[in-house]
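Single-letter residue listing:
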Amino acid sequence: MRGDVVGLDSAVIQAPQVWVASGHVNSFSDPLVECRHCHNRFRLDKLEDTDQCPSCGNRDTFTEAREFNLMFRTHMGPVESADNEVYLRPETAQGIFINFENVRRTARMRLPFGIAQIGKSFRNEITPGQFVFRTREFEQMEMEFFCRPDEADEWFQYWIEERRRWYLDLGITEENLRLRPHDDDELSHYSTATYDVDYRFPWGWDELEGIANRTDFDLKAHAEHSGEDLTYFDPITEERFFPHVIEPAAGATRTTFAFLIDAYTEEEVRGEQRTVLKLDPRLAPVKVAVLPLSKKDDLVAVTAEVADLLRDRWMIEVDVTQSIGRRYRRQDEIGTPYCVTVDFDTLDDRQVTVRDRDTMEQDRIPIENVVGYLESRLPG
Ligand code: ATP
């Protein structure tokens, strides 16, 4: 939603040379150990005690660590041979680098500008787990922000702050979010500086996003391997150079998990326990529920009429089963910001009741004002 950033949807399966150029074929691996006693396998760098098997408890049973490449491999075309081996992308970023020149030219972008994409990535994780924190197929959202080399430090600081603001703006509690600079020995081979955005998960601080200053490593590597010119000509200074890149790389799946945990609330209302997901309305999957007070035909007909008014604009649900209290609770649990209730008076006065998820306050408004009422309260 910015003038200096454009979107992209690149291929999941790229030419295999892309992953050679990016360094993934050679070094996108985790250290794998196997317990000689129970034969379970673990990622060495994530073990609490590198000498004791967390599965069977035995000591000194691990094999020597070997580097396990996390890319899923398959074959392009009907014949399986070493010549046509391809990979499912383990990140969306490389699709952006190899399309840099296409996007720059066709969208007529000038530095500084970003290319962003959201999409599936695949990693053959040794130990997936913690619900959707680590899965083998997950959704990433990444951006490569291209800029002049002498402006990279400034943009790096800018994007760190901007990304922090993004999480807080969408409702993450400030005490549960931290920025952590990488130590020199943690830095990837391509990066001069990296910050992680960490969330306080139930098991402790863990990563939501990495923001890296990748310099001109990627564009240079792809230019060398492909023979394409990926330099940029600055029409004002008349200089030609490889742009530098600031990359915020976030997990949409993992971040959604953090939003869920942060929004989950149990509270007591008039002596009763209520579970409510206090999601920012922009994140709530269902924005409005339309509920008839009873299953009577004439109420259901008006409910359908109200639902039709709302369906074009928002994701809505119509729920007719069980008591109205039960149905409010159900919507509270999935974080629906508003419930619109059609009752017997509606048949006479053409008015409905709108209930706010968080305050549980109710307003009585004419049916023809419902869209305007909700529009002013549901941003985005
Ligand atoms: P980790 O050290 O946890 O394996 P990473 O540092 O390798 O992650 P990046 O390569 O920086 O992760 O990927 C960017 C983001 O993609 C991560 O911050 C995370 O939110 C998300 N991500 C990476 N791997 C997974 C996964 N297996 N499941 C879900 N999300 C993931």
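What counts, and at which threshold
Residues numbered from 1 in each chain as written. Predicted model: local features only at pLDDT ≥ 70, side-chain atom pairs only at ≥ 80, totals over all residues. Heavy atoms only, no water. Helix = DSSP H or I, 4+ residues; strand = E, 2+ residues; numbered from the N terminus. Contact = heavy atoms within 4.5 Å. Areas by Shrake-Rupley, 256 points an atom, 1.4 Å probe, with all protein chains shown as cover. Lys, Arg positive; Asp, Glu negative; His and termini not counted. Charge placed at Lys NZ, Arg CZ, Asp CG, Glu CD. Pairing = 2+ DSSP bridges. Axes fitted to C-alpha atoms, helices over the stretch in contact; angles between N-to-C directions. Polar contact = N/O pair within 3.5 Å; in protein donor to acceptor, adjacent residues only side chain to side chain. Near = heavy atom within 4 Å. Nonpolar A, V, L, I, M, F, W, Y, C, P; charged D, E, K, R; others polar. Patch = residues over 30% accessible without salt bridge, like charges linked within 9 Å, V, L, I, M, F, W, Y side chains within 5 Å. Salt bridge = Lys/Arg side-chain N within 4 Å of Asp/Glu carboxyl O. Buried < 20%, exposed > 50% of the residue type's maximum accessible area, 1.4 Å probe, protein only.

Let us now look at the overall build of the protein chain. Of the regular secondary structure elements, the protein chain holds eleven helices and 21 strands. A sequence separation of at least 24 residues applies to 63% of the contacts in the protein chain between residues at least 6 apart. Of the roughly 19800 Å² that the protein chain leaves accessible, carbon and sulfur atoms contribute 48%. Side chains of the protein chain carry 46 positive and 73 negative charges; the gap between the two charge centres is 4 Å.

Taking strand neighbours across the sheet as the criterion, the five strands line up as E18-E17-E19-E20-E21 in an open arrangement whose pairing is mixed. Looking at the sheet topology across the chains shown, the edges are occupied by strand E18 (316-318) and strand E21 (362-366). Each strand of the sheet is rotated relative to its neighbour by a mean of 25°, with strand direction disregarded. Both strand E19 (residues 338-342) and strand E20 (residues 351-356) contribute to a ladder of four bridges, which runs antiparallel. Bridged to Tyr 338 within E20 is Asp 356. This element, helix H8 (residues 297-311), spans strand E17 (288-292), E18, E19 and E20 of the sheet and lies at about 165° to E17. Taken strand by strand, helix H9 (residues 324-333) contacts E17, E18, E19, E20 and E21, and its axis lies near 170° from that of E17.

Strand order in the open sheet formed by three strands is E3-E2-E4, with antiparallel pairing between adjacent strands. Taken across any chain shown, the strands that pair with only one partner, and hence form the sheet edges, are strand E3 (41-43) and strand E4 (66-69). Neighbour to neighbour, the strand axes of the sheet diverge by 45° on average, direction disregarded. One ladder, built from three bridges, connects strand E2 (residues 29-34) with E3; its direction is antiparallel. Of the residues in E3, the one forming a bridge with Glu 34 is Arg 41.

What follows deals with the side chain of Glu 209. Mapped onto the secondary structure, Glu 209 falls in strand E11 (residues 204-215). Side-chain polar atoms of Glu 209 contact the side chain of Arg 163, separated by 2.8 Å. A distance of 2.5 Å separates the side chain of Glu 209 from the side chain of Tyr 167, its partner in a polar contact. Ignoring sequence-local partners within four residues, the contact set of Glu 209 consists of Arg 163, Tyr 167, Tyr 195, Asp 196, Val 197, Pro 248, Ala 249 and Ala 250.

Not every one of the 15 residues close to the ligand is listed here, only the nearest: Glu 125, Arg 134, Thr 135, Glu 207 and Leu 208. Within the backbone of Phe 133, an N or O atom sits 3.4 Å from a nitrogen atom of the ligand. In the environment of the ligand, an oxygen atom lies 2.6 Å from a nitrogen or oxygen atom belonging to the side chain of Glu 207. Per-class residue counts for the shell around the ligand are five nonpolar, three polar and seven charged.

Judged by side-chain polarity, Leu 293, Phe 344 and Leu 347 come together as a nonpolar surface patch covering roughly 240 Å² of accessible area. On the accessibility criterion, Phe 344 (40% relative accessible area) is partly exposed.

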